[in-house]
Amino acid sequence: MKVVILGQDPYHNPGEAMGLCFSVPKGVKIPPSLVNIYKEINSDLGLPVPDHGDLTHWAEQGVLLLNAMLTVEARQPASHQKIGWQTFTDAVIRRISDQKEGVVFLLWGNFAKSKKPLIDQTKHYVLESAHPSPLAGDAFRGCKHFSHTNEILEKQGKPEIDWGV
């Protein structure tokens, strides 16, 4: 594990969630937040915008795509916010922080930023930005988290992430 991207909860429309935050199975319409992530990758790294939303390729390279809540009611975002998932996922974040070194944490939006105290910043790197949701306007644009992440990994002698999908 080299990178952690933290999401809030799974996509709430039937057929969208696949266990990786921000990711949807091939053949499912790419959600607006992921469209904005792809636009930033294109702007930051010059990679083409993919025609699908499956981020499995990132996970296979050591990117943990973790939602703080692991379930949700259909068509009801944040509906499982108070059933205990955060106790578990906060423990996962703390465990990564305690047992690993040099992990790059990408915290997008206020919810993800609220998890920053769980991360030992003397051992890890934290990059913060607005959420990629269109509701945040263009605030995510220009964060350059993808090139910055690869620069950090390179300085550590770790393989860069191929952010193409």
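Use the structure listed above.
I will try to describe carefully the structure that is included in this document.

Cut-offs applied
- Residues numbered from 1 in each chain as written.
- Predicted model: local features only at pLDDT ≥ 70, side-chain atom pairs only at ≥ 80, totals over all residues.
- Heavy atoms only, no water.
- Helix = DSSP H or I, 4+ residues; strand = E, 2+ residues; numbered from the N terminus.
- Buried < 20%, exposed > 50% of the residue type's maximum accessible area, 1.4 Å probe, protein only.
- Contact = heavy atoms within 4.5 Å.
- Salt bridge = Lys/Arg side-chain N within 4 Å of Asp/Glu carboxyl O.
- Core = buried A, V, L, I, M, F, W, Y, C linked by side-chain atoms within 4.5 Å.
- Expected span 1.5 Å × (residues − 1).
- Arc of directions from axis to C-beta.
- Phe/Tyr/Trp six-rings, centres within 6.5 Å; stacked < 30°, edge-to-face > 60°.

### Describing the side chain of Asn150
Logical step 1: Mapped onto the elements, Asn150 comes out in helix H5 (residues 145-155).
Logical step 2: For Asn150, a relative accessible area of 7% puts it in the buried group.
Logical step 3: When neighbours within four sequence positions are excluded, Asn150 is seen to be in contact with Glu160, Ile161 and Trp163.

### Quick notes on the pattern of salt bridges
Logical step 1: Taken as a whole, this structure holds three salt bridges when the rule is applied.
Logical step 2: A salt bridge links Asp90 to Lys115; the nearest nitrogen and oxygen atoms lie 2.8 Å apart. With Asp90 in helix H3 (residues 85-99) and Lys115 in the loop between helix H4 (109-113) and strand E4 (125-129), this residue pair connects regions lying 25 residues apart in the sequence. This pair shows no difference in class: Asp90 is buried, exactly as Lys115 is.
Logical step 3: Where Arg141 meets Asp138, a salt bridge forms, and the shortest distance between an N and an O atom there is 3.0 Å. When sorted by exposure, Arg141 lands in the same class as Asp138, which is exposed.

### A word on the environment of Leu6
Logical step 1: Note on placement: Leu6 falls in strand E1 (residues 3-7).
Logical step 2: For Leu6, a relative accessible area of 3% puts it in the buried group.
Logical step 3: Between the C-alpha atoms of Leu6 and Leu66, which are 60 residues apart in sequence, the distance is 5.0 Å.

### Digging into the nonpolar core
Logical step 1: Counting 27 residues, the largest nonpolar core has Val3, Ile5, Ile37, Trp58 and Trp163 as the members making the most contacts within it.
Logical step 2: Looking at this core, the elements with two or more residues in it are E1, helix H1 (32-45), strand E2 (63-67), strand E3 (104-108) and H5.
Logical step 3: Residues in contact with Val3, not counting those within four places in the same chain, are Gly62, Val63, Leu64, Val103, Val104, Leu106, Thr149, Leu153, Ile161 and Trp163.
Logical step 4: Of all hydrophobic cores here, the second largest spans 12 residues; its members include Leu6, Leu66, Leu107 and Val126.

### Quick word on H3
Note: α-helices contain 3.6 residues per turn, so residues at a spacing of three or four share the same orientation.
Logical step 1: The end-to-end C-alpha separation of H3 is 21 Å, in line with the 21 Å expected for 15 residues at 1.5 Å each.
Logical step 2: Taken residue by residue, H3 has Gln86, Thr89, Asp90, Ile93, Ile96 and Ser97 as its buried positions. End-on view of H3: buried residues confined to an arc of 120°, all on one side of the axis. In H3, the exposed positions angled more than 90 degrees off the buried face are occupied by Thr87, Arg95, Asp98 and Gln99.
Logical step 3: Buried residues belonging to H3 abut E1, E2, E3 and H4.

### Overview of the packing of aromatic side chains
Logical step 1: Under the counting rule described, the total for this entry stands at six aromatic pairs.
Logical step 2: Relative to Phe146, the ring of Trp108 lies with its centre 6.0 Å away and its plane at 65°, an arrangement referred to as edge-to-face. In this pair, Trp108 sits in strand E3 while Phe146 sits in helix H5, placing the two residues 38 residues apart along the sequence. Like Phe146, Trp108 is buried.
Logical step 3: Ring geometry for Phe146 and Trp163: centres 4.9 Å apart, planes at 75°, overall edge-to-face. A residue pair is termed long-range when its members are at least 10 positions apart, and Phe146 in helix H5 and Trp163 in the segment after H5 qualify at 17 residues.
Logical step 4: Through a chain of ring-to-ring contacts, three or more aromatic side chains come together here, namely Phe22, Trp58, Trp108, Phe140, Phe146 and Trp163.

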